[in-house]
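The chain contents come next:
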Amino acid sequence: MHVTIRQLGIFNAVAEQLSFTRAAAQLYLTQPAVSLQIRRLEEQVGLPLFEQLGKRIFLTDAGRELVGHSHRIFDELDEAREMIAQMKDISRGTLSIAVATTASSFATRLIAAFVKQHPGATVRLDVTNRRTLIEQLGDNQKDVVVMGQPPDDLDVVGEAFMENPLMVIASPDHPLAGRKRIPIEELGTQPFVVRESGSGTRSAMQRLFEQHDIRPAISIEIADNGALKEAVAAGLGLGVVSLHTLEPELQIGSLVTLNAEHFPILRHWYLVCRKGKRLSPIVLAFKAFVFEHAADLAQG
Ligand code: PGA
């Protein structure tokens, strides 16, 4: 069936008015133009859609069947129009974002500030480790990802927006606390509380230690920065975490950073998207917002 939306629209009007003349007036068309389109539609359908009995016209069985489908087609089109309008409209758009566990506290502040500017926007935030972020990018599940170093083996565009210094932390009564320029070899003699493998923090730490041929004992592996910091504060070992997770503990003094050689490990935070991904206006607005505000927000 080669049926056009225009023909269905005219058909709906005639079916509603049960009059070619009134339908023509409603659509600002001439009556012969309406009759012609209905005739063409009937040719395509292969059955009459209307019948004239006396002066009145009625829908045939086929006409009644087609009305239901035609209304559903127009409802679907309305829904599609509304959805596209939402995508075009920054104030009502949806942003699907995933952030590295370590970035969660400043990313949440960033998103909160962004949503205050765009109160109608819907944000879906996922917090997970580096390995899962890479999988999500690979499957094109997210508009944008906040992570350390973008992956080399995926077609992505990564833009650095802020430094991410990784510090060695200890409980304040640790024997190394307060020492200056602690040799990295000495760190190697200490037990460490570490993040799970698959996290960016763990791989950055491991890379540095391997470069210096250091293999510290691992007292416990924890997939959460908060719990890791508590384990370090409780004296289970030293730890490596981003400065961006440390603010409250440094303020109250439950943890200290060590002054050790090769630390901080200097990483950066990146906004990462798949290359070629069509970014909606709200995603573009979010990216611009991050570059404008990230540095202030990281301070807390
Ligand atoms: P993480 O990510 O939370 O997986 O350690 C941070 C990073 O990549 O540095």
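Scroll up a little and you will see the structure.
Residues numbered from 1 in each chain as written. Predicted model: local features only at pLDDT ≥ 70, side-chain atom pairs only at ≥ 80, totals over all residues. Heavy atoms only, no water.

### So, the site of the ligand
Then comes step 1: Taken together, 13 residues lie around the ligand, and T102, R130, G200, T201 and R267 are the ones closest in.
Then comes step 2: With respect to the ligand, the backbone of R130 contributes an N or O atom lying 3.2 Å from an oxygen atom.
Then comes step 3: Between the ligand and G200, the relevant distance is 2.9 Å, taken from an oxygen atom to a main-chain nitrogen or oxygen of the residue.
Then comes step 4: The protein chains hide 99% of the 280 Å² of surface that the ligand would expose on its own.
Then comes step 5: Those elements that provide at least two residues to the shell around the ligand are α8 (200-211) and β11 (265-274).
Then comes step 6: By residue class, the composition of the shell around the ligand is two nonpolar, eight polar and three charged. (Near = heavy atom within 4 Å. Polar contact = N/O pair within 3.5 Å; in protein donor to acceptor, adjacent residues only side chain to side chain. Areas by Shrake-Rupley, 256 points an atom, 1.4 Å probe, with all protein chains shown as cover. Helix = DSSP H or I, 4+ residues; strand = E, 2+ residues; numbered from the N terminus. Nonpolar A, V, L, I, M, F, W, Y, C, P; charged D, E, K, R; others polar.)

### Considerations on the environment of L137
Then comes step 1: Here L137 is to be found in helix α6 (residues 130-138).
Then comes step 2: Spatially, the C-alpha atoms of L137 and A204 are 20 Å apart, while their sequence positions differ by 67 residues.
Then comes step 3: Other than its neighbours up to four places away in sequence, L137 contacts V145, M147, P151, L154, V156, V272 and R274. (Contact = heavy atoms within 4.5 Å.)

### Points about the pattern of salt bridges
Then comes step 1: Evaluation of the coordinates by the stated rule reveals twelve salt bridges.
Then comes step 2: The salt bridge involving D89 is made with R92; its shortest N-O contact spans 3.3 Å.
Then comes step 3: Between R179 and E186 there is a salt bridge, with the nearest N and O atoms lying 2.9 Å from each other.
Then comes step 4: On the basis of relative accessible area, R179 is assigned to the partly exposed category, the value being 34%.
Then comes step 5: Salt bridges here are not isolated pairs; linked through shared partners, they connect E82, D89 and R92. (Salt bridge = Lys/Arg side-chain N within 4 Å of Asp/Glu carboxyl O. Buried < 20%, exposed > 50% of the residue type's maximum accessible area, 1.4 Å probe, protein only.)

### Some points on the nonpolar core
Then comes step 1: I97, F106, V146, F161, W269 and F286 are the most contacted members of the largest nonpolar core, which totals 33 residues.
Then comes step 2: Of all the secondary structure elements, the ones that give two or more residues to this core are β3 (94-100), α5 (104-117), α6, β5 (144-147), β6 (156-170), β11 and α11 (281-298).
Then comes step 3: Among the elements that line this core, the one with the most residues is α11, at seven residues.
Then comes step 4: Setting aside chain neighbours within four positions, we find I97 in contact with I111, V123, R124, L125, D126, K142, V144, V146 and F286.
Then comes step 5: Membership of the second largest hydrophobic core comes to 20 residues, among which are A170, F192, A260 and F263. (Core = buried A, V, L, I, M, F, W, Y, C linked by side-chain atoms within 4.5 Å.)

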